[in-house]
There are 2 protein chains.
Amino acid sequence: MTTKDFAPTCPIPIAQYPQVLLAHGGGGRLMHSLIDKLYAPTFDHLEAQHDGAVLPLGDARMAFTTDSYVVRPLFFPGGDIGQMAVHGTVNDLAMCGARPLYISTSLILEEGLPMETLWQVVQSMQSAAAAAGVHIVTGDTKVVDKGKGDGVFINTAGIGIIEHDLNIGPRSIRAGDAIILSGDIGRHGIAIMASREGLSFESDIESDLAPVADLVMNLLDAGIEVHCLRDLTRGGLATALVEIAQSSNLQLQIEEAAIQVREDVRGACEILGFDPMYVANEGRFVAIIAADDVQRALDLFHQHPLGCDATLLGRVTDQRTGRVTMTSLIGANRIVDMLSGEQLPRIC
Amino acid sequence: MTTKDFAPTCPIPIAQYPQVLLAHGGGGRLMHSLIDKLYAPTFDHLEAQHDGAVLPLGDARMAFTTDSYVVRPLFFPGGDIGQMAVHGTVNDLAMCGARPLYISTSLILEEGLPMETLWQVVQSMQSAAAAAGVHIVTGDTKVVDKGKGDGVFINTAGIGIIEHDLNIGPRSIRAGDAIILSGDIGRHGIAIMASREGLSFESDIESDLAPVADLVMNLLDAGIEVHCLRDLTRGGLATALVEIAQSSNLQLQIEEAAIQVREDVRGACEILGFDPMYVANEGRFVAIIAADDVQRALDLFHQHPLGCDATLLGRVTDQRTGRVTMTSLIGANRIVDMLSGEQLPRIC
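Residues numbered from 1 in each chain as written. Chains lettered and ligands numbered in written order. Predicted model: local features only at pLDDT ≥ 70, side-chain atom pairs only at ≥ 80, totals over all residues. Heavy atoms only, no water.

Residue and element names in this part refer to chain B. The element strand E5 (residues 99-110) is largely enclosed, with a buried count of 10 among its 12 residues. Bridge count for E5 against strand E7 (residues 152-162) is 10 bridges, and the pairing is antiparallel. Counted as the bridge partner of Tyr102 is Ile159 from E7. Taken together, the nine bridges between E5 and strand E6 (residues 135-144) define a ladder with parallel strand orientation. In the sheet register, Ile108 faces E6, and the bridge partner there is Lys142. (Buried < 20%, exposed > 50% of the residue type's maximum accessible area, 1.4 Å probe, protein only. Helix = DSSP H or I, 4+ residues; strand = E, 2+ residues; numbered from the N terminus. Pairing = 2+ DSSP bridges.)

Dropping the structure here:
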């Protein structure tokens, strides 16, 4: 090891966390501590609390985002790692309010991966890109020794163009804004879990994996005053809302009655001990918009196949608590918190 | 596994290559067969034979590139995986003739990675970004189970802006063009190999890892008519030249006497059975430029610390063979070919 001028102390308490845990990638508290304490202060231009960065290029504004996909198994009910790697990045661009244009892909293959599997994944990526209207323009392949990877890991980065003047992000939300939830929650996480553990439920539960950029562009093209968008991936609906509340320092008030969970998903969650509020989705998002635009926005959601069950989830209040509160079905009010540990590793 | 409409036959002959081999990531023939047969025909907008894609965004032209880094060991003489992940992507942007602006980073961590190691890698990335004048703007972290990764894999994607009207790439080279080699070759691969195998040579051999964008910008800002740029990473000088020759279908004629290999690197290559022409570099490149600009270009190289030993390596001829030929020190002429297998896995 070469000697370097490393800062003497790691900002994560080493005595408490000498090693990286699975939960550091789980979307909950530990992952946020890595982002807040280790990445954000070090990478001085990191847009840490958003799905991507919004940047100038020439006279244009663009969004730039990246994600690596390590989901297990590679093929699951409703999708596969290739589709996910494209749709996930398309969705992150959409959450910046950008029209997705270009995708890069980098594959880390484990020696011994069946060539047929690679071929299926590559085809799946292309068909997903075609469905989402983006182009896979550049790529890279690395192969690691057998036992040093796990079949296929895929990184995609994406570039989109921003064609409006809005600043979409948690800091743009205002007291009185409406929170719209695009549809039912919990299917992706349960589909992965069932597939991984060989569980079978009364009905087949498929992932909700889908590219939502088209729906988001409908909102923006119609001039809806969109303040914040967030997809409900790792950590689920609860974590997404808590992140927005913390970043904005405003209180979000939501209604449990507006959260739809399919009966079979709810049953599977009960069996597995999961709270659907924390289960990952891959085709669902929340939109926080100016109150005056609620009805027009809901109409646009309802006209789109990926938003036909959208509901008015709640409101942004004027309380500066950075918290999320939820009125339950029986009228009680409780605080919704971020997950401490990890519910389910390698969900995406 | 869900059923899908996969094409019935894989374009790679499964009987011959039922599984992915380490050499499929090695930069030689097998990797090129993946690119040519599997990726390029499937991803319909892939710029397969270039270090990145050149794309319009608004009124601007930009370059977009990605690479994953799986180098072993993580820290080696002259650098580490964090520096490499930044400089490698900066260099790929420079090879497109773009001024590097933004970098994304995605870390795939193995459960159990010492937190101190992650901290060192993150700091190293930031100091490399600062040195290269780029900003790390967005990121992602995944954690995989112990034994399903190897410490840290890093993906970086990069965006740069193109501020000139040149089309830099293999198809732009012309008969008569000059080929300039930016400096001595072979240090990175030998430094990694020595470090990995615990070999020690008479002198310490350090990687040549460095960001070359500044030197490339000097050439472009001075109005040098640059036709093609290529860094000499996986597969080394020989592979880079063969790729350019094949893409352009022109013959490149080079002089062995213009290739500098340090004595200690040459000695190590002899011991290890490597040909320095195929050993990876991380701070060296070739520039193919209009013949009239040779002297001015060489002067600019020689004024820069990363180009002070640059040489005129050879010429593009008017023969349409797609081959590279080399005049040896004793005057013999031979064909330079791509590597068949793999010289050294996980070099980058």
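From this point on, the discussion continues.
The next thing to look at is the domain arrangement of chain A. Domains assigned within chain A are domain 1 (1-47), domain 2 (51-162) and domain 3 (170-336). A C-alpha centroid distance of 25 Å is found between domain 1 of chain A and domain 2 of chain A. (Domains from an automatic or database assignment.)

Strands belonging to one sheet form pairs held by backbone hydrogen bonds; the direction of such a pair is parallel or antiparallel. All names here are of chain A. Spatially, the five strands line up as an open sheet ordered E1-E2-E7-E5-E6, and their pairing is mixed. Among the strands making up the open sheet, the edge pair consists of strand E1 (53-57) and strand E6 (135-144). Each strand of the sheet is rotated relative to its neighbour by a mean of 20°, with strand direction disregarded. With respect to the sheet, helix H2 (residues 81-95) is in contact with strand E2 (60-69), strand E5 (99-110), E6 and strand E7 (152-162), its orientation differing from that of E2 by roughly 150°. (Axes fitted to C-alpha atoms, helices over the stretch in contact; angles between N-to-C directions. Contact = heavy atoms within 4.5 Å.)

Before going further, it helps to examine the interface of chain B and chain A. Of the residues lining the interface, 99 residues belong to chain B; the matching set on chain A comes to 100 residues. Buried surface at the junction of chain B and chain A, summed over both partners, amounts to about 8500 Å²; 67% is from carbon and sulfur atoms. The largest per-residue losses of area from chain B upon contact with chain A belong to Val20, Met115 and Trp119 of chain B, which jointly make up 9% of the total buried on that side. Remark: the boundary between chain B and chain A carries 10 salt bridges. Linking chain B with chain A are 34 residue pairs in polar contact (both at pLDDT 80 or more). Here the residues of the side of chain B that touches chain A are counted per class, giving 51 nonpolar, 30 polar and 18 charged. (Buried area = accessible area lost by both parts, 1.4 Å probe. Salt bridge = Lys/Arg side-chain N within 4 Å of Asp/Glu carboxyl O. Polar contact = N/O pair within 3.5 Å; in protein donor to acceptor, adjacent residues only side chain to side chain. Nonpolar A, V, L, I, M, F, W, Y, C, P; charged D, E, K, R; others polar.)

Residues and elements named next belong to chain A. Ordered in space as E9-E11-E8-E12-E10-E13-E14, the seven strands form an open sheet in which the pairing is mixed. Looking at which strands have only one partner, the edges of the open sheet turn out to be strand E9 (226-231) and strand E14 (333-336). The average angle at which neighbouring strand axes cross in this sheet is 25°, direction not considered. Across four bridges, strand E13 (residues 324-327) lies against E14 in antiparallel orientation.

Here we come to the environment of Arg320 of chain A. Residues and elements named next belong to chain A. Residue placement: Arg320 occurs in the loop between strand E12 (311-316) and E13. For Arg320, a relative accessible area of 58% translates into the label exposed. Separated by 136 residues in the primary sequence, Arg320 and Asp184 place their C-alpha atoms 29 Å from one another. Ignoring sequence-local partners within four residues, the contact set of Arg320 consists of Ser248, Asn249 and Leu250.

On to the packing of aromatic side chains. In this structure the tally under the stated criterion is six aromatic pairs over all chains. Ring centres of Phe153 of chain A and Phe153 of chain B lie 6.4 Å apart, and the angle between their planes is 50°; on these two criteria the pair is classed as tilted. Remark: Phe153 of chain B occurs in strand E7 and Phe153 of chain A occurs in strand E7; the pair is interchain, linking two chains. Classification of Phe153 of chain B as buried rests on a relative accessible area of 1%. With centroids separated by 6.2 Å and ring planes inclined at 5°, the aromatic side chains of Tyr39 of chain B and Phe43 of chain B adopt a geometry described as stacked. Take Tyr39 of chain B and Phe43 of chain B: they sit in the same class, and that class is buried. One Lys or Arg, Lys142 of chain A, reaches over the ring of Tyr69 of chain B and ends 5.5 Å from the middle of that ring. (Phe/Tyr/Trp six-rings, centres within 6.5 Å; stacked < 30°, edge-to-face > 60°. Lys NZ or Arg CZ within 6 Å of the ring centre and 35° of its normal.)

Let's shift gears to the relation of the copies chain B and chain A. When chain B is brought onto chain A, the operation consists of a screw motion whose angular component is 180° and whose axial shift is 0.0 Å, with 0.0 Å RMSD remaining. This pairing of chains is accounted for by a two-fold axis. In terms of proximity to the rotation axis, the leading residue of chain B is Gly149 of chain B, whose C-alpha is 2.2 Å off the axis. Take the interface residues of chain B: 100% of them recur as interface residues in chain A, which is what a same-surface contact looks like. (Least-squares fit on C-alpha atoms with pLDDT ≥ 70 in both.)

Here we take up the packing of H2 of chain A against helix H3 (residues 115-132) of chain A. Residues and elements named next belong to chain A. Between H2 and H3, the least distance of the axes is 7 Å, while the angle of their chain directions is 30°. Crossing hand, H2 versus H3: right-handed. Every residue of H3 that contacts H2 at Ile81, Gly82, Gln83, Ala85, Val86, His87 and Val90 is listed here: Val121, Ser124, Met125, Ala128, Ala129 and Ala132. Residues belonging to the contact of H2 with H3 are distributed by class as follows: nine nonpolar, four polar and no charged. (Left-handed = near helix turned anticlockwise from the far one by under 90°.)

All names here are of chain B. Considered for burial, the residues of helix H7 (residues 263-272) that qualify are Asp264, Val265, Ala268 and Cys269. Buried residues of H7, seen end-on, are gathered within an arc of 140° and therefore sit on one face of the element. Along H7, the residues that are exposed and aim more than 90 degrees away from the buried face are Glu263, Glu270 and Ile271. Considering only its buried residues, H7 is in contact with helix H4 (187-197). The first or second residue beyond H7 is Gly273, which carries a positive phi of 75°. (Arc of directions from axis to C-beta.)

What follows is about the side chain of Glu110 of chain B. Checked against the element boundaries, Glu110 of chain B lands in strand E5. It turns out Glu110 of chain B is buried and unbridged, and the closest side chain with the opposite charge, Lys146 of chain B, is 5.1 Å from it. Reaching out from Glu110 of chain B, the side chain makes a polar contact with the backbone nitrogen of Gly147 of chain B at a distance of 2.8 Å. A polar side-chain atom of Glu110 of chain B sits 2.9 Å from the main-chain amide nitrogen of Gly151 of chain B. For Glu110 of chain B, the residues in contact, after removing those within four places along its chain, are Val20 of chain A together with Val143, Val144, Asp145, Lys146, Gly147, Lys148, Gly149, Asp150 and Gly151 of chain B. (Lys, Arg positive; Asp, Glu negative; His and termini not counted.)

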